[in-house]
Amino acid sequence: MNHKILNIRQVKLGEGPAKVCVPMVGTTSAQLEEEAKYLTTLNLDFVEWRVDCFERVEHIDEVKQNLALIRSILGEIPLIFTFRSLQEGGQRAITPASYIQLNQEIVTTGLVDIIDVELHNSEQAITSLIELAHKHGVYVIASKHDFVKTPSKDEIISVLQHAQRLGADLPKYAVMPLNPQDVITLLDATYTMYSQYATTPIITMSMAGQGVITRLAGEVFGSALTFGIGKQASAPGQVDVNSLRSILDLLHTNLS
């Protein structure tokens, strides 16, 4: 398959080794400022602001003020904006209307490069957000997280294809392994999607300790982005960013 390469600031997403994203999980403005400054010292490609961790997230004006601060500190590091809902493993619940409004407000600021839109929202809401984001030059991850199990290979591929059909630039699926076979299932589904159906970069991972290999082997199987730890992990199984980069570089060198 011919895959679109996304040029996001100075990063080419969808070619070469999997790119490294580190989440920001500060709860206060002071923590976010400290965290953003720290992340500029790390060897990363993307930063994700997990805004569901921010204690004042219900106040959109304050979200925007902190976003402007984060953007000024990060400079040209690409920034992903994510409200991870409670049902998808995040820190708090949110109504569908508030979720859509928050993301609508953020894409119009010109301060983020990517938003993450969860696939449990209505198709109409997702497609309208994607359309608005693209109008403002913002890419979209369409994501699904299963913290209980690993679905079948066919179901994983179906979800990724659905996200692609909706117009997402980066379909994403994270699953929980119950045994090593589940990890193999996720990798098999990733490679099949990447090699046979994907026209965009995709993101997949198997979480927790058993799934760590999936966070390291993206270039081999077709996942374009992996998540590492800066100050604090945002999901089970994330690896320290320096260790992660070393392994990704080792794999890339031997695959070249």
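Residues numbered from 1 in each chain as written. Predicted model: local features only at pLDDT ≥ 70, side-chain atom pairs only at ≥ 80, totals over all residues. Heavy atoms only, no water.

Asker: Please clarify how the environment of methionine 205 should be interpreted in this entry.
Answerer: With respect to the helices and strands, methionine 205 occurs in strand β9 (residues 203–206). For methionine 205, a relative accessible area of 5% corresponds to the buried category. When the C-alpha atoms of methionine 205 and valine 175 are compared, they prove to be 6.5 Å apart, with 30 residues separating the residues in sequence. Ignoring any residue separated from it by four or fewer positions in sequence, one finds methionine 205 in contact with Lys172, Tyr173, Ala174, Val175, Leu186, Thr214, Arg215 and Phe227. (Helix = DSSP H or I, 4+ residues; strand = E, 2+ residues; numbered from the N terminus. Buried < 20%, exposed > 50% of the residue type's maximum accessible area, 1.4 Å probe, protein only. Contact = heavy atoms within 4.5 Å.)

Asker: Would you take a moment to explain the packing of aromatic side chains for this structure?
Answerer: Two numbers describe a pair of aromatic rings. These are the distance of the centres and the angle of the planes. In the structure shown here, the tally under the stated rule is three aromatic pairs. Ring geometry for tryptophan 49 versus phenylalanine 54: centroids 5.9 Å apart, planes at 55 degrees, classification tilted. The pair formed by tryptophan 49 and phenylalanine 54 is uniform in burial state, with each residue classed as buried. Ring geometry for phenylalanine 83 and tyrosine 99: centres 6.4 Å apart, planes at 90 degrees, overall edge-to-face. (Phe/Tyr/Trp six-rings, centres within 6.5 Å; stacked < 30°, edge-to-face > 60°.)

Asker: Any chance you could explain the UniProt feature "binding site: 3-dehydroquinate" (unreviewed entry) in the chain here in plain terms?
Answerer: The sites that UniProt annotates as "binding site: 3-dehydroquinate" (unreviewed entry) are Glu48, Trp49, Arg50, Arg84, Arg215, Ser234 and Gln238. Cross-referencing the annotated residues with the lining of the second largest cavity gives Arg215. Summarising the element assignment, arginine 215 is placed in helix α7 (residues 212–216). (UniProt positions renumbered as here; feature names shortened; annotations may be inferred. 1 Å grid on protein atoms, 1.4 Å probe; cavity = no way out; pocket = protein on both sides within 12 Å on 5 of 7 lines; lining within 4 Å.)

Asker: Would you take a moment to explain the side chain of threonine 200 for this structure?
Answerer: Examined against the element boundaries, threonine 200 turns out to sit in the loop between α6 (180–197) and β9. For threonine 200, a relative accessible area of 5% translates into the label buried. Residues within four places of threonine 200 in sequence aside, it is in contact with His3, Lys4, Gln164, Ala168, Asp169 and Pro171.

Asker: Would you mind showing me how to read the pattern of salt bridges here?
Answerer: Oppositely charged side chains can pair when the atoms bearing their charge come close. What the rule picks out here adds up to 13 salt bridges. Note that aspartate 113 is salt-bridged to arginine 9, the shortest N-O span being 2.9 Å. Remark: arginine 9 occurs in the loop between β1 (6–8) and β2 (11–13) and aspartate 113 occurs in the loop between α3 (96–107) and β6 (114–118); sequence separation between them is 104 residues. Overall, aspartate 113 belongs to the buried group, its relative accessible area being 9%. A network of salt bridges, in which partner residues are shared, links Arg9, Arg71, Glu76 and Asp113. (Salt bridge = Lys/Arg side-chain N within 4 Å of Asp/Glu carboxyl O.)

Asker: How should I be thinking about the sheet that holds β9 in this particular structure?
Answerer: By definition, the strands of a sheet pair up through backbone hydrogen bonds, in either a parallel or an antiparallel sense. An order of β9-β8-β7-β6-β5-β4-β3-β10-β11 is seen for the nine strands of this open sheet, with the pairing classed as parallel. The outermost strands of the open sheet, each flanked by one partner alone, are β9 and β11 (239–240). Where strand β10 (residues 225–229) lies against β11, two bridges are found, and the strand directions are parallel. Across the sheet, the residue bridging to glycine 228 is valine 239, located in β11. Where helix α4 (residues 123–135) meets the sheet, it contacts β6 and β7 (139–146), and its direction lies at approximately 175 degrees from that of β6. Each of β8 (170–175) and β9 touches α6; the most contacted strand, β9, lies at about 170 degrees to it. (Pairing = 2+ DSSP bridges. Axes fitted to C-alpha atoms, helices over the stretch in contact; angles between N-to-C directions.)

Asker: Can you help me understand α3 in this one?
Answerer: The terminal C-alpha atoms of α3 lie 17 Å apart, and with twelve residues this matches the ideal 16 Å at 1.5 Å per residue to within 8%. Turning to α3, its buried residues are Tyr99, Ile100, Leu102, Asn103, Ile106 and Val107. All buried residues of α3 project into a common sector of 160 degrees when viewed along the axis, lining one side. (Expected span 1.5 Å × (residues − 1). Arc of directions from axis to C-beta.)

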